[in-house]
Amino acid sequence: MEEWKIPTSLGPPEAKENTSSSMVTCDNLECYMVLTDAEKTAIGSICFLAGPVTLLENALVLAVIAATATLRQRPSYLFIGSLALADVFASCFFTTSFLDFHLFRRSDGPNAYLFKLGGVTMAFSSSVGSLLLTALDRYLCIHQASSYKVLLTRRRALLSLLILWSATIFISFLPLMGWRCPTVLTPPCSCLFPYINQEYQVCWTSFILVLLALILGAYALILLKAHRHESSMTSLQGATGTGHARMRMDIRLARTFGLILLILVGCWLPALSFMLADFSVVLTHTQKRAFAFCSTLCLVNSAVNPLLYALRCRELRIALMQLLHRLCLIGRCKKSTEESTPGFTSTEDNNCIAISEDEMSRTRTTRLNSVSEVVNHQELNIIK
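As the structure is a computational prediction, the values presented were derived from the model and not from experiment.

**Some remarks on the overall build of the protein chain**
Part 1 of the reasoning: When helices and strands are counted, the protein chain shows 13 helices and three strands.
Part 2 of the reasoning: Per-residue burial for the protein chain yields a buried fraction of 45% across its 384 residues.
Part 3 of the reasoning: Nonlocal contacts in the protein chain, meaning residues at least 24 apart in sequence, comprise 75% of its contacts between residues at least 6 apart.
Part 4 of the reasoning: With an accessible surface of roughly 19400 Å², the protein chain has 65% of that area assigned to carbon and sulfur atoms.

**Quick notes on helix α3 (residues 75–103)**
Part 1 of the reasoning: Along its 29 residues, α3 runs 41 Å from first to last C-alpha, staying within 8% of the 42 Å computed at 1.5 Å per residue.
Part 2 of the reasoning: For α3, the tally of buried residues reaches 24 of 29 residues, placing the bulk of the element in the interior.
Part 3 of the reasoning: Phi for Arg 105, located one or two positions after α3, is positive at around 55°.

**A short note on the side chain of His 102**
Part 1 of the reasoning: Structurally, His 102 can be placed in helix α3.
Part 2 of the reasoning: In contact with His 102, other than residues within four places in its own chain, are Tyr 32, Leu 35 and Lys 40.

**Points about the environment of Met 33**
Part 1 of the reasoning: Within the fold, Met 33 resides in the loop between β3 (24–25) and α1 (37–67).
Part 2 of the reasoning: Put simply, Met 33 and Leu 192 are 159 residues apart on the chain and 9.7 Å apart in space, counted from C-alpha to C-alpha.

**A word on the nonpolar core**
Part 1 of the reasoning: Formed by 63 residues in total, the largest nonpolar core has its most connected members in Phe 193, Ile 208, Ile 215, Tyr 219 and Trp 268.
Part 2 of the reasoning: At the level of secondary structure, the elements contributing two or more residues to this core comprise α1, α3, α4 (110–143), α8 (198–237), α9 (249–280) and α10 (285–310).
Part 3 of the reasoning: Contact partners of Ile 208, with chain neighbours within four places excluded, come to Ser 125, Val 128, Trp 268 and Leu 272.
Part 4 of the reasoning: In this structure, Val 64, Ile 80, Ala 84 and Leu 320 belong to the second largest nonpolar core, which totals 13 residues.

**So, unusual backbone geometry**
Part 1 of the reasoning: Phi is positive for Tyr 195, close to 65°, though the residue is something other than glycine.
Part 2 of the reasoning: Mapped onto the fold, Tyr 195 is located in the loop between α7 (174–177) and α8.

**Remarks on the state of the cysteines**
Part 1 of the reasoning: One pass over the structure, following the stated rule, counts one disulfide.
Part 2 of the reasoning: The disulfide bridge from Cys 181 ends at Cys 189, spanning 1.8 Å between sulfur atoms. Taking the sign of the S-S torsion, about -110° here, the bridge from Cys 181 to Cys 189 comes out left-handed.
Part 3 of the reasoning: The class of Cys 181 is buried, set by a relative accessible area of 6%.

**A word on the pattern of salt bridges**
In a structure, side chains of opposite charge can pair up when their charged atoms sit close to one another.
Part 1 of the reasoning: Tallying each qualifying case throughout the model produces two salt bridges.
Part 2 of the reasoning: With its nearest N and O atoms 3.1 Å apart, the salt bridge here joins Glu 39 to Arg 289. Of this pair, Glu 39 sits in helix α1 while Arg 289 sits in helix α10, and the two are 250 residues apart along the sequence. Assigned by exposure class, Glu 39 and Arg 289 land together as buried.
Part 3 of the reasoning: Note that Asp 100 and Lys 116 form a salt bridge whose closest N and O atoms lie 3.1 Å from each other. One end of the pair, Asp 100, is in helix α3; the other, Lys 116, is in helix α4, with 16 residues separating them in the sequence.
Part 4 of the reasoning: Given the relative accessible area of 16%, Asp 100 is considered buried.

**Thoughts on the packing of aromatic side chains**
Part 1 of the reasoning: A full pass over the atoms with the stated rule returns 12 aromatic pairs.
Part 2 of the reasoning: An angle of 15° between the planes, with centres 5.7 Å apart, marks the rings of Phe 89 and Phe 93 as stacked. Of this pair, Phe 89 and Phe 93 both sit in helix α3, four residues apart, which is roughly one turn of that helix.
Part 3 of the reasoning: Ring geometry for Phe 89 and Trp 165: centres 6.1 Å apart, planes at 80°, overall edge-to-face. Of the two residues, Phe 89 is situated in helix α3 and Trp 165 in helix α6 (residues 154–172); the sequence distance between them amounts to 76 residues.

**Side note on the environment of Tyr 200**
Part 1 of the reasoning: Structurally, the position occupied by Tyr 200 is in helix α8.
Part 2 of the reasoning: Along the primary structure Tyr 200 and Ile 171 are separated by 29 residues, whereas in three dimensions their C-alpha atoms are 9.4 Å apart.
Part 3 of the reasoning: Sequence-distant contacts of Tyr 200, that is, excluding residues within four places in its chain, are made with Thr 121, Ile 171, Ser 172, Leu 174, Pro 175 and Trp 179.

**Here we look at the side chain of Asn 305**
Part 1 of the reasoning: Its place among the elements puts Asn 305 in helix α10.
Part 2 of the reasoning: By relative accessible area, which is 2% here, Asn 305 ends up buried.
Part 3 of the reasoning: Sequence-distant contacts of Asn 305, defined by excluding residues within four places in its chain, comprise Leu 83, Asp 87, Ser 127, Leu 131 and Ala 310.

**Remarks on α4**
Part 1 of the reasoning: Across its 34 residues, α4 extends 48 Å between first and last C-alpha, which sits within 8% of the 50 Å expected from 1.5 Å per residue.
Part 2 of the reasoning: With respect to burial, α4 is a largely interior element, 25 of its 34 residues being buried.

**What to know about the environment of Tyr 113**
Part 1 of the reasoning: Tracing the sequence through the fold places Tyr 113 in helix α4.
Part 2 of the reasoning: A C-alpha to C-alpha distance of 8.7 Å links Tyr 113 and Ser 97, two positions 16 residues apart in sequence.
Part 3 of the reasoning: With residues up to four places along the chain from it excluded, the contact list for Tyr 113 reads Phe 101, Asp 108, Phe 193, Pro 194 and Tyr 195.

Definitions and limits used
Residue numbers here run from 1 along each chain, matching the order of that chain's written sequence. The predicted origin of the model limits local features to residues at a pLDDT of at least 70 and limits the giving and counting of side-chain atom pairs to 80 or more, whereas totals for whole chains, interfaces and linings rest on all residues. Note that the side-chain values use all heavy atoms of the structure and ignore hydrogens as well as water. The secondary structure listing takes helices from DSSP runs of H or I that are at least 4 residues long and strands from runs of E that are at least 2 residues long, numbered from the N terminus. Partly exposed residues are those whose accessible area sits between 20% and 50% of the maximum for their type, while under 20% is buried and over 50% is exposed, using a 1.4 Å probe and protein chains only. In this analysis, two residues are considered to be in contact whenever any of their non-hydrogen atoms come within 4.5 Å of each other. For every accessible area listed, the method is Shrake-Rupley and the probe measures 1.4 Å; residues are considered covered only by the protein chains on display. The span one expects for a helix is its residue count, reduced by one, times 1.5 Å. Only buried Ala, Val, Leu, Ile, Met, Phe, Trp, Tyr and Cys residues count toward a nonpolar core, and they belong to the same one when joined by side-chain atoms within 4.5 Å. The disulfide definition used here is simple: a pair of cysteine sulfur atoms within 2.5 Å. Each salt bridge in this description consists of a side-chain nitrogen of Lys or Arg and a carboxyl oxygen of Asp or Glu lying within 4 Å of one another. Two aromatic rings, drawn from Phe, Tyr or Trp (for Trp, its six-membered ring), form a pair once their centres lie within 6.5 Å of each other, and the interplanar angle then sorts them: stacked below 30 degrees, edge-to-face above 60, tilted otherwise.

What follows is the structure in structure tokens.
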């Protein structure tokens, strides 16, 4: 039997193991606060660094998409916006609740704790779900290039996002709605999360694993299609020509998708493995501390997502530069207006207004080619 005795000091709880039984008894939430002082410092540094960076990156992506009408109309960027929104929630909910529990050792009641945990679960579930929608969008663009616009309209994209967020919110708050551990803190409760039924934990873990498997399958089909297309183009053009002057498109695509999938699996698989193991074995203190570190990798994944899915898109980078340019023009005009004499309009003000109106006109008339349009003209040469 593994039994915790709550010390009177503020130090971490001591574990006492007995191999005669596999039962686990726990009187309060301090049984789950297993980090040492050194581990608190390390894990706190990770959260304090990754949390604000994740928030700023994804907030910037959301601002660019919201401020650019052409991007708001395209399903691909609606999915990227959903991913950014989920990662914003993840940076807020995970960082505050994780630090509050493990570092500041705050013991909330069952409903308060399950509400916080539900917010974290919703954010990460929606993040993985948005990654799946992004992968399916790229799959349709490759395999159904001629009918891509008809199959994936803006209305259908919004409907899919509504279904995704509704499902993840419902699944995430099931423990708060009643599917919680019947014995409060003892088995069949989870050894990793207070008040959580192990059956619910296995169901949610399996749900995330299915989403990850679908993402891997979608990118595998994309790579297969790209390889076949490149092979046919090479056979038509022959061994000479531009084929040797640059790397094959399918190889570049494989490297890009390989990096995406490596980061995705590397960040999620360790934590999910511990959650599955919790159902079949009794985790030791060392394993629980390892899980705490692995769970921060999910936050790191949310920090990397904008770099992999948003800022690599040329259209979004152009929209970002245009937005920054407009903000600079507005700032210049405001500054010159404050410095000018009241009641008179300076020449610089007129120039700023003219520049701003001209820039806004060019922005309104600029139409970036969508992924589907590029595919219609150049088949699979859509990856920039």
